[in-house]
Amino acid sequence: MANIAVAKFGGTSVATHQAMSRCAAIIKAKSTRTLVVVSAPAGVTNHLVSLSQPGLDLQEQSETIQAIRTIVFNIIDDLSQRDAAEQIGDQVENILADLTVRAASQSLQFDAQNADSILACGEQMSSLVFAQVLNELDVPAQSFDVRRVMKTNSLYSKAVVDIEQVAQLTQSILAPLLDNQVVVTQGFIGQDGLGNTTTLGRGGSDYSAAILAEALVAENLEIWTDVEGIFTTDPRITAQAKSIPEISFGEAAEMATFGAKILHPATLIPAMRKNIPVFVGSSKAPEKGGTRIQQSVESSPTYRSIALRREQSLVTVRSPEMLHASGFLAKVFSILAKHELSVDLITTSEISVAMTFDNPTSNAQALITHEVVKELEQLCEVSVEHGLSLVAVIGNGLHAAKALGSSIFEKINDFNIRLICHGASANNICFLVPESDANSVVSQLHNTLFD
Ligand code: ADP
Ligand code: ASP
Ligand code: MG
């Protein structure tokens, strides 16, 4: 099916009526059939995360729900068609009433299934309001419950999408709706086989949009956010960061994997499968252009960008038995696999192995728990270090690059580099630094590699 665009708007792009109106103007200017995928207005999902955790007292629950209500009603109050605004206000109040009941039950005891229904509220409210903002610009639009097509397993908080089922349902239910109007749907959320709401992980709206673009065999996927494209590094770290006009799928995927928050790590997988070009731009300044991500690009520089992933843990296991022995690593990895822990970087020496883990404190599933350490200690000595950041220099042909010492490491001579991984990939060189040095390391490295 040709001539369909999928446009995703992130949290800051839909945070106010003015912001939503700018996004609606981007959609109005299009000549293609368009599916819009929205995030929750900025701040809402963080409030929902606190409601999804046990322990909030009634007062805290009610203040948090009030904070959400304020964000959403600030947008609704600015709608000009009052009848429609009132109807949407009623629908939002229904969602908030349901949220109140769910939050009360969650505060007593954590329930993963209920938590996902709580987290999903932001996107549900956002899509209702966004469709009306489009209508007010004379763009016929309707909101659509993505759970009718976004089928997942029941792994709450990081549900896995059933790509084939989504493709089939999207073609039969969603695609025909696009002929007459813009359809506005929710990112981040899905539904399992039991009919329960699921979520795809924080920042998952980018991924939802990519899955829907794949299912529609869209002509292109647009990710509208708060910066003018993908930069050489996070522009919040250094003002020297520059937007990259064109980048390959592989390079951009590598950036996302290594923590560049601009794209959810899985976003490019569906786009690559169907070779759908992706555009990343700022909804605040669409005229300034952005980044085109596509299969082949004109230049493949040795150094393309620097990504930073915080909250990394380093686990070092040491066993004299490893000397000339076989099977030790298999035992270590079987313990990690049992606990569903995935290793990022790894270095080995004669009798020790050091491994890094993404270990954000906000993500219960990723933690190196006491239990994991105890099981590893049955095999070997174990030491665990926290408070580290992973810096990834991303580019092309890095495994064969010369003068790495003078290009990279000489410039960050003053910092302790805790671990280095180089050689396995042509597209990255990664190392760990103490969290407190991370911004300085990235800034200094950026100055030398990109100025
Ligand atoms: P959205 O809510 O639109 O999904 P996010 O906050 O998830 O937006 O992602 C946009 C943010 O990603 C930017 O504000 C920026 O700080 C951060 N970011 C990290 N790395 C990069 C990069 N290489 N290029 C651009 N932005 C980046
Ligand atoms: N609203 C969700 C979050 O903040 C999903 C997203 O914005 O991509 O994580
Ligand atoms: Mg995001």
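Structure shown above.
Keep in mind that what you see is a predicted model, and the values were worked out from it rather than measured. (Residues numbered from 1 in each chain as written. Chains lettered and ligands numbered in written order. Predicted model: local features only at pLDDT ≥ 70, side-chain atom pairs only at ≥ 80, totals over all residues. Heavy atoms only, no water.)

Participant: How should I be thinking about the overall build of the chain in this particular structure?
Facilitator: When helices and strands are counted, the chain shows 14 helices and 16 strands. A compact globule built from 451 residues would reach a C-alpha radius of gyration of about 22 Å, and the chain, at 23 Å, matches this within 12%. Projected onto the principal axes, the alpha-carbon positions of the chain cover approximately 75 × 55 × 40 Å. Looking at the 451 residues of the chain, the share that counts as buried comes to 53%. Summed over its atoms, the accessible surface of the chain is roughly 19500 Å², and 50% of this surface lies on carbon and sulfur atoms. (Helix = DSSP H or I, 4+ residues; strand = E, 2+ residues; numbered from the N terminus. Rg over C-alpha atoms; globule rule 2.2 N^0.38 Å. Buried < 20%, exposed > 50% of the residue type's maximum accessible area, 1.4 Å probe, protein only. Areas by Shrake-Rupley, 256 points an atom, 1.4 Å probe, with all protein chains shown as cover.)

Participant: How should the sheet that holds strand β3 (residues 141-144) be read in this particular structure?
Facilitator: By definition, the strands of a sheet pair up through backbone hydrogen bonds, in either a parallel or an antiparallel sense. Pairing is mixed in the open sheet, where eight strands are placed in the order β3-β4-β2-β1-β7-β9-β10-β8. Edge positions in the sheet fall to β3 and β8 (246-248), since each has one partner strand and no second. In this sheet, adjacent strand axes meet at a mean angle of 20 degrees when their direction is disregarded. Where β3 lies against strand β4 (residues 182-186), four bridges are found, and the strand directions are parallel. Counted as the bridge partner of F144 is T185 from β4. (Pairing = 2+ DSSP bridges. Axes fitted to C-alpha atoms, helices over the stretch in contact; angles between N-to-C directions.)

Participant: Just to check I follow, could you spell out helix α11 (residues 328-338) for this structure?
Facilitator: For an α-helix, 3.6 residues make a turn, and residues three or four places apart therefore share a direction. Along α11, the residues classified as buried are F328, V332, I335 and L336. Along α11, the residues classed as buried sweep out an arc of 100 degrees about the axis, all on the same side. Seen from the open side of α11, the exposed residues pointing more than 90 degrees away from its buried face are A330, A337 and K338. (Arc of directions from axis to C-beta.)

Participant: I tried to follow the side chain of S282 on my own but got confused; where do I start?
Facilitator: Inspection of the secondary structure puts S282 in strand β9 (residues 278-282). Overall, the relative accessible area of 3% leaves S282 in the buried class. Not counting chain neighbours up to four residues away, the residues in contact with S282 comprise W224, T225, D226, V227 and E228. (Contact = heavy atoms within 4.5 Å.)

Participant: Hey, could you run me through the site of ligand 1 in this one?
Facilitator: In the neighbourhood of ligand 1, 17 residues make up the surrounding shell, with T225, F231, D234, R236 and K261 lying closest. Note that an oxygen atom of ligand 1 is positioned 3.1 Å from one of the backbone N or O atoms of G11. At a separation of 2.7 Å, an oxygen atom of ligand 1 approaches a polar side-chain atom of T225. Within the complex, the protein chains bury 90% of what would otherwise be the 570 Å² of accessible surface of ligand 1. Taken together, the residues that form the shell around ligand 1 break down as seven nonpolar, five polar and five charged. (Near = heavy atom within 4 Å. Polar contact = N/O pair within 3.5 Å; in protein donor to acceptor, adjacent residues only side chain to side chain. Nonpolar A, V, L, I, M, F, W, Y, C, P; charged D, E, K, R; others polar.)

Participant: Honestly, the packing of helix α2 (residues 44-52) against helix α4 (residues 82-108) in this entry has me stumped. Any pointers?
Facilitator: In a pair of packed helices, the angle between the axes and the distance between the axes together describe the arrangement. One can describe the packing of α2 onto α4 by two numbers: an axis separation of 8 Å at closest approach and a directional angle of 45 degrees. In terms of orientation, α2 and α4 fall into the oblique class. Between α2, through L48, L51 and S52, and α4, the contact on the second element is made entirely by L99, A103 and Q106. Of the residues contributing to the contact of α2 with α4, the split by class is four nonpolar, two polar and no charged. (Parallel < 35°, antiparallel > 145°, perpendicular 65-115°, else oblique.)

Participant: Would you mind showing me how to read the pattern of salt bridges here?
Facilitator: Between side chains of opposite charge, pairing is possible as soon as their charged atoms come close. The tally for this structure, following the rule as stated, stands at 19 salt bridges. Ionic pairing is found between K8 and D206, a salt bridge with its closest N-O pair at 2.6 Å. Here D206 lies in helix α8 (residues 205-215) and K8 lies in strand β1 (residues 4-9), a separation of 198 residues in the sequence. What makes K8 buried here is its relative accessible area of 7%. You can call D206 buried: its relative accessible area is 4%. With a closest N to O distance of 2.8 Å, E375 and K338 form a salt bridge. (Salt bridge = Lys/Arg side-chain N within 4 Å of Asp/Glu carboxyl O.)

Participant: For this particular structure, what's the right way to read the pairing of β4?
Facilitator: Moving residue by residue along a regular strand, the side chains alternate between the two faces of the sheet. Burial of β4 is extensive: five of the five residues sit out of reach of the surface. Across the two faces of β4 the burial is the same, with V182, V184 and Q186 and V183 and T185 all buried. Where strand β2 (residues 33-38) meets β4, four bridges bridge the pair, whose relative direction is parallel. By the bridge assignment for β4, V38 is matched with Q186.

Participant: Please explain the packing of α11 against helix α12 (residues 370-377) as it appears in this structure.
Facilitator: It is at 10 Å that the axes of α11 and α12 come closest, and there the two elements cross at 160 degrees. By the angle between their directions, the pair α11 and α12 is classed as roughly antiparallel. Two packed elements cross with a definite hand, and for α11 against α12 that hand is right-handed. Mapping the contact onto sequence places V332, I335, L336 and K338 in α11 and V372, E375 and L376 in α12. (Left-handed = near helix turned anticlockwise from the far one by under 90°.)

Participant: Quick question: what am I supposed to make of the sheet that holds strand β15 (residues 419-421) here?
Facilitator: Ordered in space as β12-β13-β11-β14-β16-β15, the six strands form an open sheet in which the pairing is antiparallel. Two strands in the sheet have a free side with no partner beyond their single neighbour: β12 (346-348) and β15. The sheet shows a mean angle of 25 degrees between the axes of neighbouring strands, direction not considered. Sheet topology places strand β11 (residues 303-318) next to strand β13 (residues 352-358); seven bridges connect them, and they run antiparallel. The partner of V315 across the bridge, within β13, is M355. Sitting on the sheet, α11 touches β11, β12 and β13, and the angle it makes with β13 is about 20 degrees. Here helix α14 (residues 438-450) sits on the sheet and contacts β11, β14 (381-395) and β16 (428-434); the angle it forms with β11, its principal contact strand, is near 140 degrees.

Participant: Would you mind going over the site of ligand 2 with me for this structure?
Facilitator: Surveying the vicinity of ligand 2 reveals the residues S39, T45, E123, F188, R202, G203, G204 and S205. The contact in question runs from a nitrogen atom of ligand 2 to an N or O atom on the side chain of T45, over 2.8 Å. E123 is positioned with one of its side-chain polar atoms (N or O) 2.6 Å from a nitrogen atom of ligand 2. Considering ligand 2 on its own, with 260 Å² of exposed area, one finds that the protein chains cover 87% of that surface. In the shell around ligand 2, the residues fall into one nonpolar, five polar and two charged.

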